[in-house]
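What follows is the residue order along each chain.
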Amino acid sequence: MRRLPVYLLLDTSTSMRGEAINAVRDGLDLLVSTLRQDPYALETAYLSVITFDTSASQVVPLTELTEFQAPDIDANGATSLGEALSLVANCIDREVHKSDMDTKGDWKPLVFLMTDGAPTDSWEKGLAAFKAAKPGLVVCCAAGPRADTKVLEAISEIVVTLDTADSATIASFFKWVSASITTSSRKIDQNRNDVDGVDELPPTPAGVNLTKS
Amino acid sequence: MSIVNLTSEGGKPVSFVDEVIASGAMKDIYVSPDKTYVVGFFRDTQDATLKERLREITTRYRSNLFDKDSGDFWKDYFCWPTDTVEHNGRIGVVVPFYASDFFFQYGSVKDDMLKIRGKDKEGKWFASASNREKFLDPREKGNWLTHLQICLSISRAVRRLHMAGLAHSDLSYKNVLVDPTKGKACLIDIDGLVVPGKFAPDVVGTPDFIAPEVIATQHLDREDPARVLPSRTTDRHALAVLIYMYLFFRHPLRGRKVHDPDATRDEELSMGERALFIEHPTDDSNRVRPEDLRPQSLPWGDPAQRPYTMAGPLLTELFDRAFIAGLHAPEKRPSAAEWESALVRTMDMIQPCSAGCDMGWFVFDNSRAPVCPHCGTAYRGKLPVLNLYSSRTKGSFHADNHRVMVWDGQSLFPWHVNRTIFPNEHLTAAQKKRVGYFQMHEGDWYLVNEAMPGMKNVSTGQDIAIGDPVKLEEGLQILLSAEEGGRLIQVQMAGV
């Protein structure tokens, strides 16, 4: 039974304080309750949450949907994006089952990264470790205009920008994340040279803009 | 939330709340203010072919199906688009809301812990052993007979589409709603219908149901002659997978075999060019390894415990053709009509579990002492089996490969009496009426003639008048009708 590991990397730096962090908490609840209503996700998806501020920590290890407990999230500190990338690489190595010639492993992990600012640590080293962990689809979300999209574009070809980091837009983003974890019909003309899996992403709602580089 | 009011192509008023309630691969879905229909707008810029296709589906094809004598029969089998609209440069289809049977009444266990009450009964809930075992309220699950009925409904609906020259092109548990409590199914997402040479498919299908040849050629350009796109032949694969999954709660091709260490590539190979039936009789390399499963997936997840042959000889033969002979040879796959016929006859071979276990029903395995394969309870009591024969030329009778198990509540209908009658949309009101029933009296089973004028005990030569019973004993032969195609039954006694 292949599992679909899903890692959420959430920026919990001081700038997220207030409406944004509340919206992230609500978004997580929405994501989990939506996925619990999807029989495919329920059977397949496993969820982990990593938060990063002055340091990064895995606040929820890779967990089955029905066992998932919402973590306490507070916004306080700097933006250690590089540390978060190293940490998720480490978690992937540890938690995701690899295939060998005798046993089917897990699906390649999906990674959703959300930040509203610019990294305060040296993120390049973390990025190298992250790439080496060979994640599957990686989606970076720039929450609001202050996010450093250049850095996000270096992390993944798929960047979504939220016009504003308000509760409605963040809710839309989490709804979109849940839709991208479930399965649906596949179109005929998939651009096969495209980024792995990007064709299977659902259309983004208003206020959430998808760019592929 | 604002409401958009439009006039449809058919000249009818159409309104919807201006908020997307769901999005598929092609469309965004909006709901009418009174929640009686939805409007699905195609996201891609409209083209003339799409418009033409939707117009044909909502007018000509729809009328061919529903405006005929048998039109009422099909209303429960399809959720058919009724009209088209245009708004802000996008084209939309108007589709009625599903019947209430297709929404969860009880939902999940522990007072609906997953909060799915009122949500639609997507087939995946019921096609997965672990979802059924872990989450579904027992009142939602139905039993093995209702699951056979679901398969019959799907086969019938697909047969009807194929008969009209149409292919669904995206049959999956997302696009087939099921109701295990009543044994019903309904095809949705009809707007993607494919007409060979006229309307090409939009989608290749949904993972789990895409035919191997479609997956194996999906890297080719759409115009490449070697590219295989959805058609009636690939619908046949999807139909076989649906039936297998609704009867055995596992996927027929998902076993242990690893084709590539890369999961994406492995998936492509194991569903595509190297697809292999997990219950292949001679190649055991893709067998399921029970240790790989979640405990809640057992026993159904393990074919060794619940082999596909438990569906009886008629369905076994079709599964063999679908997943062994026809997996990579599309022309050998059974048609929807063949599944329909085999399912109708298999449902006559089903018998109730003596212990009344959850699955409740099983197919007679032709043994003298049948045991319920679900719970292991031996059948208690006498079990007459009627073997059906029919006359082709006067005076000679041929076995029809059709048996009727006798149990409390079993009945004879005109399609048992005459081989030229088949239970489908063409039955007249008179043909839907029971013509005989079975009754237990002082330890013996009797067949009571209700409406078979030509019934005769061949063993004794005596006529059996309407209203009269005949005792069922080993070897007894009864002629049910002397007319052309009339059937003779030979009684075989099983059970103790």
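Residues numbered from 1 in each chain as written. Chains lettered and ligands numbered in written order. Predicted model: local features only at pLDDT ≥ 70, side-chain atom pairs only at ≥ 80, totals over all residues.

Enquirer: Even after reading the chapter, I still don't get the overall build of chain A, so can you show me in this structure?
Expert: Per the secondary structure count, chain A includes six helices and eight strands. Helices (α) and strands (β) of chain A occur, in sequence order from the N terminus, as β-α-α-β-β-α-β-α-β-α-β-α-β-β. For chain A, the C-alpha radius of gyration of 16 Å lies close to 17 Å, the compact-globule estimate for 213 residues. By residue count, 49% of the 213 residues in chain A fall in the buried class. The contacts of chain A with a sequence gap of at least 6 include a subset with a gap of at least 24, amounting to 74%. (Helix = DSSP H or I, 4+ residues; strand = E, 2+ residues; numbered from the N terminus. Rg over C-alpha atoms; globule rule 2.2 N^0.38 Å. Buried ≥ 20, exposed ≤ 12 C-beta atoms within 10 Å, placed from the backbone. Contact = placed C-beta atoms within 7 Å.)

Enquirer: I would appreciate a short explanation of the overall build of chain B in the present structure.
Expert: Secondary structure summary: chain B contains eleven helices and 22 strands in total. Against the 2.2 N^0.38 benchmark of 23 Å for 496 residues, chain B shows a C-alpha radius of gyration of 25 Å, consistent with a compact globule. The dimensions of chain B, computed from C-alpha atoms along their principal axes, are 80 × 55 × 50 Å. The 496 residues of chain B split such that 46% are buried. Sequence-distant contacts, at least 24 apart, represent 56% of the contacts inside chain B between residues at least 6 apart.

Enquirer: Please clarify how the sheet that holds strand β6 (residues 83–87) of chain B should be interpreted in this entry.
Expert: All names here are of chain B. Read across the sheet, five strands follow the order β3-β4-β5-β7-β6 without closing on themselves; strand pairing throughout is antiparallel. Since the sheet does not close on itself, it has two edges, and those belong to β3 (22–23) and β6, each with one partner. Each of β5 (37–42), β6 and β7 (90–96) touches helix α1 (residues 48–66); the most contacted strand, β7, lies at about 20° to it. (Pairing = 2+ DSSP bridges. Axes fitted to C-alpha atoms, helices over the stretch in contact; angles between N-to-C directions.)

Enquirer: Hey, could you run me through the sheet that holds strand β20 (residues 469–471) of chain B in this one?
Expert: Two pairing modes exist for strands in a sheet, parallel and antiparallel, and in both the strands are linked by backbone hydrogen bonds. Residue and element names in this part refer to chain B. Taken in spatial order, the four strands line up as β15-β16-β17-β20 in an open sheet, and their pairing is antiparallel. Edge strands, defined here as strands with exactly one partner in the open sheet, are β15 (411–412) and β20. Here strand β16 (residues 436–441) pairs with strand β17 (residues 444–449) via six bridges, running antiparallel. Its bridge partner being in β17, Met440 is matched across the sheet by Trp445.

Enquirer: When you look at the packing of helix α9 (residues 312–325) of chain B against helix α10 (residues 336–348) of chain B in this model, what are you seeing that I'm missing?
Expert: For any two helices packed against each other, one specifies the crossing angle of their axes together with the interaxial distance. Residue and element names in this part refer to chain B. Where α9 meets α10, the axes come as close as 8 Å, and the angle between the chain directions of the two elements is 160°. The orientation of α9 with respect to α10, classified from their angle, is roughly antiparallel. For the pair α9 and α10, the crossing hand works out as left-handed. The residues of α10 that touch α9, namely those facing Gly312, Leu314, Leu315 and Leu318, are Glu338, Trp339, Ala342, Arg345 and Thr346. In the contact of α9 with α10, the residues fall into five nonpolar, two polar and two charged. (Parallel < 35°, antiparallel > 145°, perpendicular 65-115°, else oblique. Left-handed = near helix turned anticlockwise from the far one by under 90°. Nonpolar A, V, L, I, M, F, W, Y, C, P; charged D, E, K, R; others polar.)

Enquirer: Help me out: how do you make sense of the UniProt feature "domain: VWFA" (unreviewed entry) in chain A in this one?
Expert: UniProt's feature table lists "domain: VWFA" (unreviewed entry) at residues 5–177 of chain A, given in the numbering used throughout. With 39% helix and 24% strand, residues 5–177 of chain A has its two end C-alpha atoms placed 13 Å apart. (UniProt positions renumbered as here; feature names shortened; annotations may be inferred.)

Enquirer: Can you walk me through the pairing of strand β13 (residues 382–391) of chain B in this structure?
Expert: Taken residue by residue, a regular strand's side chains alternate between the two faces of the sheet. Residue and element names in this part refer to chain B. Of all the ten residues making up β13, seven are buried; the element is thus mostly covered by neighbouring parts of the structure. Pairing between β13 and strand β22 (residues 487–495): nine bridges, direction antiparallel. Within β22, the position partnered with Leu383 by the bridge is Ala494. Where β13 folds back on strand β14 (residues 397–405), the antiparallel hairpin that results is connected by five residues, among which Gly395 adopts a positive phi of roughly 85°.

Enquirer: Before we go on, may I ask you to explain unusual backbone geometry in this structure?
Expert: Phi is mostly negative for residues that are not glycine, and the peptide bonds are mostly trans. All names here are of chain B. The amide bond that connects Leu298 to the next residue, Pro299, takes the cis arrangement and shows omega of 5°. Assignment of secondary structure puts Pro299 in the loop between α8 (263–271) and α9. Of note, Asn401 is a non-glycine position whose phi angle comes to about 55°, a positive value. Classification of Asn401 as exposed rests on a count of 12 C-beta atoms within 10 Å. For Glu442, which is not glycine, the phi torsion reads 45° and is therefore positive. Position of Glu442 among the secondary structure elements: in the loop between β16 and β17.

Enquirer: What am I meant to see in helix α6 (residues 167–181) of chain A here?
Expert: Residues lying three or four places apart along an α-helix face the same way, a consequence of the helix completing one turn every 3.6 residues. The terminal C-alpha atoms of α6 of chain A lie 21 Å apart, and with 15 residues this matches the ideal 21 Å at 1.5 Å per residue to within 8%. Taken together, the buried positions of α6 of chain A are Thr169, Ile170, Phe173, Phe174, Trp176, Val177, Ser178 and Ile181 of chain A. (Expected span 1.5 Å × (residues − 1).)

Enquirer: Can you help me understand the environment of Ala304 of chain B in this one?
Expert: Residue and element names in this part refer to chain B. Mapped onto the elements of the fold, Ala304 is located in the loop between α8 and α9. Judged by C-beta crowding, with 10 C-beta atoms within 10 Å, Ala304 ranks as exposed. In this structure, the C-alpha to C-alpha distance between Ala304 and Pro290, residues 14 residues apart in sequence, is 9.1 Å.

Enquirer: Sorry if this is basic, but what is going on with the interface of chain B and chain A here?
Expert: Note on interface size: it is often stated as the accessible area lost on association of the parts. Counting from both sides, the interface comprises 34 residues of chain B and, opposite them, 29 residues of chain A. Of all the elements in the fold, those that place two or more residues in the side of chain B that touches chain A are α4 (129–134), β10 (203–205) and α8 of chain B. Considered class by class, the residues forming the side of chain B that touches chain A number 13 nonpolar, nine polar and twelve charged. Bridge count for strand β7 (residues 186–187) of chain A against β10 of chain B is two bridges, and the pairing is antiparallel. Bridging from a neighbouring strand, Arg186 of chain A pairs with Gly205 of chain B of β10 of chain B.

Enquirer: Would you mind going over the confidence of the model for chain B with me for this structure?
Expert: Note that predicted coordinates carrying low pLDDT should not be read in detail. All names here are of chain B. Residues at a pLDDT of 70 or more form 99% of chain B, whose mean pLDDT is 93. No element of chain B has a lower mean pLDDT than β3, which averages 82, and none a higher one than helix α7 (residues 232–248), which averages 98. Reported for the predicted complex are a pTM of 0.94 and an ipTM of 0.90. (pLDDT = per-residue confidence, 0-100.)

Enquirer: Help me understand α9 of chain B in this model?
Expert: Residues and elements named next belong to chain B. Helix length check: α9, at 14 residues, gives a terminal C-alpha distance of 18 Å against a target of 20 Å (1.5 Å per residue), a fit within 8%. Within the sequence span of α9, burial applies to Gly312, Leu314, Leu315, Leu318, Phe319, Ala322 and Phe323. Tucked into the core, α9 has its buried residues touching α7, α10 and β12 (361–363).

Enquirer: So what exactly am I meant to see when it comes to the environment of Val203 of chain B here?
Expert: Looking at where Val203 of chain B falls in the secondary structure, it is placed in strand β10. Spatially, the C-alpha atom of Val203 of chain B lies 30 Å from that of Thr316 of chain B, the residues being 113 residues apart in sequence.

Enquirer: Please clarify how the nonpolar core should be interpreted in this entry.
Expert: A general trend in soluble globular proteins is that nonpolar side chains are found buried together. Counting 130 residues, the largest nonpolar core has Cys151, Ile154, Val176, Leu239, Leu242, Ile243 and Tyr246 of chain B as the members making the most contacts within it. If we skip the residues at most four places from it in the chain, Ile243 of chain B touches Cys151 and Trp339 of chain B. (Core = buried A, V, L, I, M, F, W, Y, C linked by C-beta atoms within 7 Å.)

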